[in-house]
Amino acid sequence: MRPDTSTPPALSAPPGPPGPAGPLETLGLTPAQTTLYNAVLRLHRATRADLVQATDGSPESTARELATLVRLGVVDEQGGEYLARHPAAALGHLIAERLDRLAAESRGIDRVLGSIRGFIHQYDAGHDYQSGRFPVEAVGGADEFYESVIGMAVQAPPLTLVSAIPDGRTMSDFAHRYADQWIGAQHAGLLSCRVVIPVHTLEIPGLRDKLDRFERAGAQVRTLDAVPSWFLVAGEDAAGMPSQWGGTLAENAYNFHLVRAPVVVAALGSFFEELWARASPLPWTYRDDVVIRVLRLAGQGVPDETIARHLGVSVRTVRARFADAMAELGAQSRFQAGVEAARRGWLS
């Protein structure tokens, strides 16, 4: 028996990691689409049958992949024939789309990174809720209250502070003892304040000047007919609550609880936004003197033509100012506009 001298078959190499994707696959094309695109480039103009024969593909898969290439803008279809677009234009279009997707993904990643702190607060809130641990610090005395807020602002400027104040006594103390300190902190960029107060407190002597300076320093103040309770929210980490909900600071000798629990901070922050949305700007922040004079004269029963002569404007301007005032005041009639303007203090 003669020995077998034929060359034994070569052993196949063990499978390795997949090779790098081709340039078109990097742009999102599949291997089958890449093969078909190269065939279109070589033939330049071909029917579907030509491309089926050139790629050894099935008619169904070739039709499906051709439709994708046409949709992607790298191949054109004209009268049943497929034409290759110039590669510079075709690939440039694919690259532009890919860059747009990458930019959108990058913006999405930035949003996720920006939301991490919010998720941490939710995690802490859930942990506090389950464990029953709510860090609470007792604060007492007006000086300690105002100084504690300034202290938090110094540690992490600017401190975003929102507060609801239901009573005249606290507003009077603010006007006569502590406003200058907070105005200075607001002006220096340590504080960023929004405050809701009762409209009747605007009658407190000296308060208008302090609030005007407070707003010119960058704070925002709005009014409601009644504010349900005193509270404040300092940044995302602390909230001040009265010893009894519905109470005021002054009547409790400025004793309150400073709560450092994300779930409480978030709840009071949401409640403040509800109050803020319903509140009205300070009356003197409405600067259109013509509107004020129109409303005052109309309230005295003066007709539009006389108001126009008195102010030296046209009747059309008078009526336009009425429309502006009604829109600003949310009024449905001139009478309602006059009543609402008086309530907000515009006519005082």
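Since the model is a prediction, treat every value here as computed from it, not as a measurement.

Rules of the game
Residues numbered from 1 in each chain as written. Predicted model: local features only at pLDDT ≥ 70, side-chain atom pairs only at ≥ 80, totals over all residues. Heavy atoms only, no water. Helix = DSSP H or I, 4+ residues; strand = E, 2+ residues; numbered from the N terminus. Contact = heavy atoms within 4.5 Å. Areas by Shrake-Rupley, 256 points an atom, 1.4 Å probe, with all protein chains shown as cover. Axes fitted to C-alpha atoms, helices over the stretch in contact; angles between N-to-C directions. Parallel < 35°, antiparallel > 145°, perpendicular 65-115°, else oblique. Left-handed = near helix turned anticlockwise from the far one by under 90°. Nonpolar A, V, L, I, M, F, W, Y, C, P; charged D, E, K, R; others polar. Core = buried A, V, L, I, M, F, W, Y, C linked by side-chain atoms within 4.5 Å. Buried < 20%, exposed > 50% of the residue type's maximum accessible area, 1.4 Å probe, protein only. Phe/Tyr/Trp six-rings, centres within 6.5 Å; stacked < 30°, edge-to-face > 60°. Lys NZ or Arg CZ within 6 Å of the ring centre and 35° of its normal. Expected span 1.5 Å × (residues − 1). Arc of directions from axis to C-beta. Pairing = 2+ DSSP bridges. Salt bridge = Lys/Arg side-chain N within 4 Å of Asp/Glu carboxyl O.

Q: What is the right way to look at the overall build of the protein chain in this model?
A: Each helix and strand in the protein chain was counted, giving 13 helices and 11 strands. Contacts in the protein chain between residues at least 24 apart in sequence constitute 69% of all its contacts with a sequence separation of at least 6. Here the protein chain displays about 20000 Å² of accessible surface, and carbon together with sulfur accounts for 55% of that area.

Q: What is the right way to look at the packing of helix 7 (residues 168-187) against helix 8 (residues 207-216) in this model?
A: A pair of packed helices is captured by two measures, namely the crossing angle of their axes and the spacing between those axes. Here helix 7 crosses helix 8 at 20 degrees, and the two axes come no closer than 9 Å. In terms of orientation, helix 7 lies roughly parallel with respect to helix 8. Pair helix 7 / helix 8 crosses with left-handed handedness. Within the contact between the two elements, helix 7 uses Met171, Phe174, Ala175, Ala179, Asp180, Trp182, Ile183 and Gln186 and helix 8 uses Leu207, Lys210, Leu211, Arg213 and Phe214. Taken together, the residues of the contact of helix 7 with helix 8 break down into 9 nonpolar, 1 polar and 3 charged.

Q: It is not clear to me how the nonpolar core should be interpreted in this structure. Could you clarify?
A: Soluble, globular proteins show a tendency: their nonpolar side chains are buried together. Core analysis: the biggest nonpolar cluster contains 41 residues, and Phe145, Val149, Phe174, Trp182, Leu191, Leu211 and Phe214 have the highest contact counts within it. Only helix 6 (142-155), strand 5 (159-164), helix 7, strand 6 (191-198), helix 8, strand 8 (231-234) and strand 10 (256-259) provide two or more residues apiece to this core. Among the nonpolar cores identified, the runner-up in size contains 18 residues, and Leu36, Leu69, Ala84 and Ala90 belong to it.

Q: What should I look at first to understand the packing of aromatic side chains in this one?
A: Aromatic ring pairs: the centre-centre distance and the angle between the two ring planes describe each pair. A complete count under the given rule lists 7 aromatic pairs for this structure. Ring geometry for tryptophan 230 against phenylalanine 256: centres 5.3 Å apart, planes inclined by 65 degrees, an arrangement best described as edge-to-face. Residue tryptophan 230 is located in the loop between strand 7 (220-224) and strand 8, and its partner phenylalanine 256 is located in strand 10; the two are separated by 26 residues in the primary sequence. Taken together through their ring pairs, the aromatic side chains of Phe174, Trp182 and Phe214 make up a single cluster. When the ring centre of tryptophan 276 is taken as origin, the NZ or CZ atom of arginine 194, which lies over that ring, is 5.1 Å away. The ring of phenylalanine 322 has arginine 334 lying over it, and the distance from NZ or CZ to the ring centre is 3.8 Å.

Q: For this particular structure, what's the right way to read the packing of helix 3 (residues 48-55) against helix 4 (residues 59-72)?
A: Two elements in contact, helix 3 and helix 4, have axes whose closest approach is 10 Å; the angle formed by their N-to-C orientations is 110 degrees. Considering their axes alone, helix 3 and helix 4 lie roughly perpendicular with respect to each other. In this structure, helix 3 meets helix 4 at a crossing whose hand is right-handed. In this structure, helix 3 contributes Arg48, Leu51, Val52 and Thr55 to the contact, and helix 4 contributes Pro59, Thr62, Ala63 and Leu66. In terms of residue class, the contact of helix 3 with helix 4 is built from 5 nonpolar, 2 polar and 1 charged.

Q: Honestly, helix 12 (residues 315-329) in this entry has me stumped. Any pointers?
A: Given 3.6 residues per helical turn, the α-helix brings residues three or four places apart onto the same face. Between its first and last C-alpha, helix 12 extends 21 Å over 15 residues, near the 21 Å set by a 1.5 Å rise per residue. Regarding helix 12, the residues found buried are Val318, Phe322, Ala325 and Leu329. For helix 12, the arc enclosing every buried residue in end-on projection is 65 degrees, short of the 170-degree limit, so these residues lie on one face. Facing away from the buried side of helix 12, by more than 90 degrees, are the exposed residues Arg316 and Ala327. Glycine 330 lies just past helix 12 and shows a positive phi near 70 degrees.

Q: Is there a simple way to think about the sheet that holds strand 3 (residues 81-84) in this case?
A: Within a sheet, adjacent strands bond to each other through the backbone by hydrogen bonds, running parallel or antiparallel. A sheet is described by the order of its strands in space; here 3 strands give the open sequence 1-3-2, paired in antiparallel fashion. A strand with exactly one partner marks an edge of an open sheet, and here the two such strands are strand 1 (45-47) and strand 2 (75-78). Shown here is a sheet whose adjacent strand axes are inclined to one another by a mean of 30 degrees, direction ignored. In this sheet, strand 3 lies alongside strand 2 in antiparallel orientation, the contact comprising 4 bridges.

Q: Could you clarify how one ought to interpret the pattern of salt bridges in this entry?
A: If charged atoms from side chains of opposite charge come close, those side chains can pair. Under the defined criterion, the tally for this structure stands at 10 salt bridges. Across the pair arginine 194 and glutamate 273 runs a salt bridge whose closest N-O atoms are separated by 2.5 Å. Note that arginine 194 is positioned in strand 6 and glutamate 273 in helix 9 (residues 262-278), a separation of 79 residues in sequence. Among the residues examined, arginine 194 registers a relative accessible area of 19% and is labelled buried. Across the salt bridge formed by arginine 278 and glutamate 274, the nearest N and O atoms sit 3.8 Å from each other.

These results come straight from atomic positions and should not be treated as a statement about function.
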